[in-house]
Structure formats: structure tokens, C-alpha cells
Amino acid sequence: FEDPNALREAFAWCDRMTYEFEHIPTTALHHVLNQDNCARKLWPSVQVLENAQDRIAEKKALAQAGAPLATWQEIRTHTDLRMKFNELSFPSQKYILKTSRGGYDGKGQWRLGDAASWQSCLEETSGRTDIFPLVLEEECRLLMEVSVIVGRHPDLGIYVFRSEEHT
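Please read these numbers as outputs of a predicted model, since none were measured by experiment. (Residues numbered from 1 in each chain as written. Predicted model: local features only at pLDDT ≥ 70, side-chain atom pairs only at ≥ 80, totals over all residues. Heavy atoms only, no water.)

## What to know about the layout of surface pockets
In this structure, the second largest pocket encloses a volume near 160 Å³. If you go around the second largest pocket, the residues you meet are Phe1, Leu7, Ala10, Met17, Thr18, Tyr19, Glu20, Phe21, Ile24, Pro25, Leu29 and Leu42. (1 Å grid on protein atoms, 1.4 Å probe; cavity = no way out; pocket = protein on both sides within 12 Å on 5 of 7 lines; lining within 4 Å. Points joined across faces, edges and corners; volume = space filled by probe spheres on them.)

What follows is the structure, encoded as C-alpha cells:
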């Protein structure tokens, strides 16, 4: 994924290319897509990939598309996080604090439901400028988790793959 020559070869070899996970570096991909005019071969687009790599960009794109979202806000600094903690009275709404980039499958997340969990999180994130900005999201009770993979192409149509897990 980081070798422009290997990417160029892959794009030359196939008619269409997709990806199944979002942790793909995009620098070399941008270079190949821009230079070699292969952008029509990649679906979803590199913009979709980059949105999926950043929870804040992803939430903004989903909101713009009219998708329902849990109430959330961007936390830019540790000071912002401490100020949010000071605004709350307990017991309060439960929250999940998430890294904007790099977290997956519960990694880079803190469940915050009481003063003790907030205090622990504040201590753990103190001095850690590398993890900001963060996303603070109200916890939602989920009835089910649905995973949907959609393949869409302007000429070939739409293909949907879906799995459900009841909680």
C-alpha cells in the first residue's frame, strides 16, 4: 500500500479495485490515482477511505448525508476534556470517548459513566497530545448491530452484503 510502483502495477492489472478495511495509507494511493488517472478504478473512492480513517470526518460526512447519529462533539485538547467533565453532574448520561484516528474494535476508547471512570480517563490522557482530537459520543442502547458492505459502481450497479448481530 505504500509502494507507488506496486500500486501502479495492481491498477494496471485489474479493471476495478476495492478495499475491505480502512487502515490503508493513502499518500502513495493519491499519487498513483492522480498521476495515472486510475481514480475510476477505485471504489469506494479515496475520499470515502479517508473519511473512514477519521471518526470526526466520518461523522460530519454522515451528518451531511442525513444519517442518524448519536449526539457527539469534538474534544480538541485535554483542557476541553476536563471542562466537559466539570460541566457534568453525576449520575449523568453515559459517554464513550474515542480516538479520532487509529482506534478499532474497542481500542482507543473509554467508557465514561461515572466520576471515577472520568477521573481515570483524565489521568490516562493527561499530557498525551498525540491522541487528540477525540470524539465524545453519548452512549446509545443498541438493539442490534448491522454490518453492511455496499459495492457501487456507476456502470456495474450496486451489490449489498449484510450481517446482523442481535445484542
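## Considerations on the packing of aromatic side chains
To describe a pair of aromatic rings, one takes the distance between the centres and the angle between the planes. Using the criterion set out here, one finds three aromatic pairs in the structure. Relative to Phe21, the ring of Phe1 lies with its centre 6.2 Å away and its plane at 90 degrees, an arrangement referred to as edge-to-face. Within this pair, whereas Phe1 is found in the segment before helix H1 (4-13), its partner Phe21 is found in the loop between H1 and helix H2 (27-36), the two being separated by 20 residues in sequence. By relative accessible area, which is 38% here, Phe21 ends up partly exposed. Aromatic side chains Tyr95 and Trp118 sit 6.1 Å apart centroid to centroid with 80 degrees between the ring planes, which places their arrangement in the edge-to-face category. In this pair, Tyr95 is assigned in strand S2 (residues 95-99) and Trp118 in helix H6 (residues 115-125), connecting sequence segments 23 residues apart. Trp118 matches Tyr95 in its accessibility class, with the two residues each being buried. Among the aromatic residues, those joined into a ring-pair cluster are Phe85, Tyr95 and Trp118. (Phe/Tyr/Trp six-rings, centres within 6.5 Å; stacked < 30°, edge-to-face > 60°. Helix = DSSP H or I, 4+ residues; strand = E, 2+ residues; numbered from the N terminus. Buried < 20%, exposed > 50% of the residue type's maximum accessible area, 1.4 Å probe, protein only.)

## Notes on unusual backbone geometry
Outside of glycine, negative phi angles account for most residues, and trans bonds account for most peptide bonds. The omega torsion of the bond from Trp43 to Pro44 falls at -5 degrees, within 30 degrees of zero and hence cis. Here Pro44 is to be found in the loop between H2 and helix H3 (46-52). Note the cis peptide between Phe132 and Pro133, where omega equals 5 degrees. Along the chain, the position of Pro133 falls in the loop between H6 and strand S4 (134-138).

## Digging into helix H5 (residues 78-87)
Looking at H5, one finds that the buried residues are His78, Leu81, Lys84 and Phe85. Down the axis of H5, the buried set is contained in an arc of 120 degrees. They therefore lie on one face. The exposed set on the far side of H5, more than 90 degrees from its buried face, consists of Thr79, Asn86 and Glu87. (Arc of directions from axis to C-beta.)

## Some details on the nonpolar core
Judged by nonpolar contacts, the single largest core of 15 residues is most densely connected at Leu97, Leu112 and Trp118. Where this core is concerned, the elements lending two or more residues are H5, S2, strand S3 (109-112), H6 and S4. In terms of residues, this core owes the most to one element, H6, which gives three residues. Formed by 14 residues, the second largest nonpolar core is a distinct cluster that contains Met17, Ile24, Ala28 and Cys38. (Core = buried A, V, L, I, M, F, W, Y, C linked by side-chain atoms within 4.5 Å.)

## Overview of the packing of H5 against H6
Angle between the axes and distance between the axes: these two values describe a pair of packed helices. Remark: H5 packs on H6, axes separated minimally by 11 Å, with the N-to-C direction vectors making an angle of 170 degrees. In terms of orientation, H5 and H6 fall into the roughly antiparallel class. Across from His78, Leu81, Arg82, Lys84 and Phe85 in H5, the residues of H6 making contact are Ala115, Trp118, Gln119, Cys121, Leu122 and Thr125. Across the contact of H5 with H6, the residue classes tally to six nonpolar, three polar and two charged. (Axes fitted to C-alpha atoms, helices over the stretch in contact; angles between N-to-C directions. Parallel < 35°, antiparallel > 145°, perpendicular 65-115°, else oblique. Contact = heavy atoms within 4.5 Å. Nonpolar A, V, L, I, M, F, W, Y, C, P; charged D, E, K, R; others polar.)

## With respect to the environment of Ile149
The residue Ile149 is located in strand S5 (residues 144-153) in this model. Looking at Ile149, the relative accessible area reads 54%, which means it is exposed. Taking the C-alpha atoms as reference, Ile149 lies 21 Å from Thr26; in sequence the two are 123 residues apart.

## So, the confidence of the model for the chain
When pLDDT is averaged along the chain, the result is 86, and 90% of the positions lie at 70 or above. Per-element averaging of pLDDT across the chain places strand S6 (residues 157-166) at the bottom with 69 and strand S1 (residues 72-75) at the top with 96. (pLDDT = per-residue confidence, 0-100.)

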